[in-house]
Amino acid sequence: MATSTRPNARRGLDQSRADEYRDWLRQMLLIRRFEEKAGEAYSLGKVGGFCHLYIGQEAVAVGSLAAVGKDDYVVCSYREHGHALVRGISARTVMAELFGKAAGCSGGKGGSMHLFDVSLGFLGGHAIVGAHIPLATGMAFAAKYRDTRQVAVCYFGEAAVNNGAFHEALNMAALWKLPVIYICENNRYGMGTALERASAIYDISERACSYDMANEVVDGQDVLIMHAAMERAVQRARADRHPTLLEVRTYRFMGHSMSDPIHGHYRTKEEVEEQRKRDPIALWSQRLIAEGLMDEAGVKALDKEVLREVNDAYQFAEEAPDPEPEALWADVYAPGEG
Ligand SMILES: Cc1ncc(C[n+]2csc(CCOP(=O)(O)OP(=O)(O)O)c2C)c(N)n1
Ligand SMILES: [Mg+2]
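Quick caveat: nothing in here was measured; it's all calculated off a predicted structure.

Tyr78, Arg79, Glu158, Asn187 and Tyr189 are the nearest of the 14 residues found near ligand 1. A distance of 3.0 Å is found between a nitrogen atom of ligand 1 and a backbone nitrogen or oxygen belonging to Ala127. Ala159 places a main-chain nitrogen or oxygen 3.1 Å from an oxygen atom of ligand 1. Relative to its unbound accessible surface of 590 Å², ligand 1 loses 72% to contact with the protein. For the shell around ligand 1, a count of residues per class yields 8 nonpolar, 4 polar and 2 charged.

See the structure below:
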């Protein structure tokens, strides 16, 4: 199947979906405010290990996961706080995990990079670049083998496509016609290196096509475009058992992790400011206002509501107890659960 880039067609919004559209804005705001608070907590020494913020990429998780069913599998890289929140892990439980508390979704033993909730089909949070891509292929294989109609969705950064496992996993998915959607979040940088990867990704996309895989390049700053591309991919996976690679063009506004300065030494302040003009939250709230689905006051009220939720999560995580020492030897999930 040939690479296709859908035109950025701007049709009127479907007014009958107004509630859903407003909820997408709420989810994006929740991620943004959560990440800001997580960054603050990290600076205060409350979060151990690494912490990779998703600020700037919110429309990717929100638009794509809105097209996925409750029974489907979702698996992510280490930049996954946003996906976890959208999938339904509560802000309290994610924040508690960042704080290493027993009430965290991985019992406080995983931290920022290892958020899990098997009951929600959320299978990580993986720190090794590209290592979870074959896992997604395996999940899709299991779905097809059991004939469950489930779909597996896998998020990773563009640096992961240099990994041999990426090619092996995609090749198998194409050969075996597996219901899997690979979402490459191309934020243009891999761990602070000045890599303009866009053209390289195009080559990779072409090669993925030779694996007989559907392929689209998507504007990841527009939640509606993201959602439409994902709906097509889910339909292909569920109805036709045909895998898809979505190369999503996005941008992270913060550094690679909390140890990396915001602009880094590899990009200019001007570049980041230019990219901020396409802030996905601003784009979507302006669209909702322009089409009469919300007003300024409504957006502000929504923002206040999510701020309260995030502040509550922070307080919950602060006050939650540490895991008991014996928990070190216990599984977070009982064998066979989920
Ligand atoms: C196999 C492996 N090699 C190197 C690293 C170190 N590392 C952590 S993040 C990263 C960059 C990944 O960039 P990208 O895939 O573009 O994702 P992004 O951080 O931009 O979301 C690297 C090289 C790692 N975690 N795993
Ligand atoms: Mg990247």
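So much for the structure itself; the text now carries on.
Turning our eyes to something else, we now look at the coordination of the magnesium ion (ligand 2). For a metal with four tetrahedral donors the ideal donor-metal-donor angle is 109.5 degrees, while six octahedral donors give ideal angles of 90 or 180 degrees. Note on the magnesium ion (ligand 2): its protein donors are Glu158 (OE), Glu158 (OE), Asn187 (OD1) and Tyr189 (O). The metal-donor distances range over 2.1 to 2.6 Å. Sequence positions of the donors to the magnesium ion (ligand 2) reduce to the motif E-x28-N-x1-Y.

Scanning the entire structure with this criterion turns up 9 aromatic pairs. Ring geometry for Phe99 against Tyr314: centres 5.6 Å apart, planes inclined by 90°, an arrangement best described as edge-to-face. Here the residue Phe99 occupies a position in the loop between helix H4 (91–98) and helix H5 (133–146), and Tyr314 occupies one in helix H11 (residues 296–319), the gap between them amounting to 215 residues. Considering the side-chain rings of Phe141 and Tyr145, the 5.9 Å spacing of their centres and the 15° angle between planes classify their relative orientation as stacked. Residue Phe141 and its partner Tyr145 are both found in helix H5; the two are separated by 4 residues, about one turn of the helix.

Conventions we followed
- Residues numbered from 1 in each chain as written.
- Chains lettered and ligands numbered in written order.
- Predicted model: local features only at pLDDT ≥ 70, side-chain atom pairs only at ≥ 80, totals over all residues.
- Heavy atoms only, no water.
- Near = heavy atom within 4 Å.
- Polar contact = N/O pair within 3.5 Å; in protein donor to acceptor, adjacent residues only side chain to side chain.
- Areas by Shrake-Rupley, 256 points an atom, 1.4 Å probe, with all protein chains shown as cover.
- Nonpolar A, V, L, I, M, F, W, Y, C, P; charged D, E, K, R; others polar.
- Donors = N, O, S within 2.8 Å, 3.2 Å for Na, K, Ca; no water.
- Phe/Tyr/Trp six-rings, centres within 6.5 Å; stacked < 30°, edge-to-face > 60°.
- Helix = DSSP H or I, 4+ residues; strand = E, 2+ residues; numbered from the N terminus.

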